[in-house]
Amino acid sequence: MIEKIKKELLNLLDKKYQAFSSKLTPNVHNILGVRLPLLRKIAKRISKENYQDFFKLNDDEFMELTMLEAMIIGYLPIKEQIKYIENFIPKINNWAVCDCFCSGLKYFKTNKNKIIFEKYFNSDKEYELRFAFVVLLNYFIDNDYNYVIDKISKFDNEQYYAKMAAAWCLSICIIKNYTQCLNDLKTLKIHPWVFKKGITKAIESLRLDKLQKEELKKLRNQSSS
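Colleague: Got a sec to walk through the overall build of the protein chain? Specific residues and values, please.
Modeller: Check the secondary structure of the protein chain and you find 15 helices and zero strands. Referenced to the eigenvectors of the C-alpha coordinate spread, the extents of the protein chain come out at roughly 60 × 40 × 30 Å. Split into buried and exposed, the 225 residues of the protein chain put 52% on the buried side. Restricting to contacts in the protein chain with at least 6 residues of sequence separation, those with at least 24 account for 69%. Surface exposure of the protein chain reaches about 11900 Å², of which carbon and sulfur atoms provide 51%.

Colleague: Describe unusual backbone geometry, with residues and values.
Modeller: Here the phi dihedral of N27 falls at roughly 70 degrees; this positive angle occurs in a residue that is not glycine. Along the polypeptide, N27 turns up in the loop between helix 2 (15-24) and helix 3 (36-47). A positive phi angle is found at D60, which is not glycine, with a value near 55 degrees. Positionally, D60 belongs in the loop between helix 4 (51-57) and helix 5 (63-75). The exposure class of D60 is partly exposed, given its relative accessible area of 22%.

Colleague: Could you give an account of the pattern of salt bridges, naming the residues involved and the relevant values?
Modeller: Counted by the stated rule, this structure contains 17 salt bridges. A salt bridge links E49 to R45; the nearest nitrogen and oxygen atoms lie 3.9 Å apart. Here E49 falls in the partly exposed class, since its relative accessible area comes to 44%. Salt bridges linked by common partners bring E3, K6, D59 and E61 together as one network.

Colleague: Tell me about the side chain of K6, residues and numbers included.
Modeller: As for its placement among the helices and strands, K6 is situated in helix 1 (residues 2-11). A distance of 2.7 Å separates polar atoms of two side chains, one belonging to K6 and the other to E61. Residues within four places of K6 in sequence aside, it is in contact with D59, E61, F62 and L65.

Colleague: Account for the environment of Y145, with residues named and values stated.
Modeller: For Y145, the location among the structural elements is in helix 11 (residues 145-154). Judged by its relative accessible area of 6%, Y145 falls in the buried class. A C-alpha to C-alpha distance of 16 Å links Y145 and F117, two positions 28 residues apart in sequence. Discounting residues that sit within four places of it in the chain, Y145 has contacts with F140, C173, N177, Q180, C181 and D184. Looking at Y145, its side chain comes within polar contact range of the side chain of D184, at 2.6 Å.

Basis of the calculations
- Every chain's residues receive numbers from 1 upward, in the order its sequence appears when written.
- Where totals are concerned, whole chains, interfaces and linings use all residues; where local detail is concerned, this predicted model gives features only for residues with pLDDT of at least 70, and gives and counts side-chain atom pairs only at 80 or more.
- Each side-chain value is derived from all of the structure's non-hydrogen atoms; neither hydrogens nor water enter the calculation.
- Secondary structure follows DSSP: runs of H or I at least 4 residues long count as helices, runs of E at least 2 residues long count as strands, and numbering of each begins at the N terminus.
- Partly exposed residues are those whose accessible area sits between 20% and 50% of the maximum for their type, while under 20% is buried and over 50% is exposed, using a 1.4 Å probe and protein chains only.
- The criterion used for residue contact is that any of the two residues' heavy atoms lie within 4.5 Å.
- Surface accessibility in these figures is a Shrake-Rupley result with a 1.4 Å probe; residues are shielded only by whichever protein chains are displayed.
- By definition here, a salt bridge exists when the distance from a side-chain nitrogen of Lys or Arg to a carboxyl oxygen of Asp or Glu is within 4 Å.
- Polar contact is the term for a pair of N or O atoms within 3.5 Å; when the atoms are in protein, one must be able to donate a hydrogen and the other to accept it, and sequence-neighboring residues count only if both atoms are side-chain atoms.

Set out below in structure tokens:
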């Protein structure tokens, strides 16, 4: 089964997309360059077939095989998803796989069970931390803002893709809960890089008005003085 899928992926290889993807995901050297819509089509098909065999046989030779597994889990019924989430997390070794995986976890749309990812906030592994924060920004900001901002305020890690996820999460908090988050930014002690980057990303958003952006710029500048 897995060899057949590898051949299918090799036939879909796109050299230009491979070069583009490689620039976006440095230090990942097993990218074929298969475009995401094509991967999703394959993943959807496998999710309706014997996906358990794919999980057992997948050797992650290509990044696309890891992406396929992430997508397949996303296509599974919610009761099935929960069985495979934790087993997949150790496979995450770049931001693209992480964010693709998290975006498909519809389990968290209806189940606000934090036990699954809570422990990863204490991890020193870059992509375990990123996983936890990308889950937060996708599924918890709307209904559990206080929990999210508390996790951001406790973040203390210098690994780039973990920091970026925390900053991204903070920017969404600002955009969706502007008044409350602005007050929190003035009182909470947040990692300096995450603080500035999160505000910058919020300022770049089209969802805030000119006055709000000026307030944020002033707050960001004050933190630099």
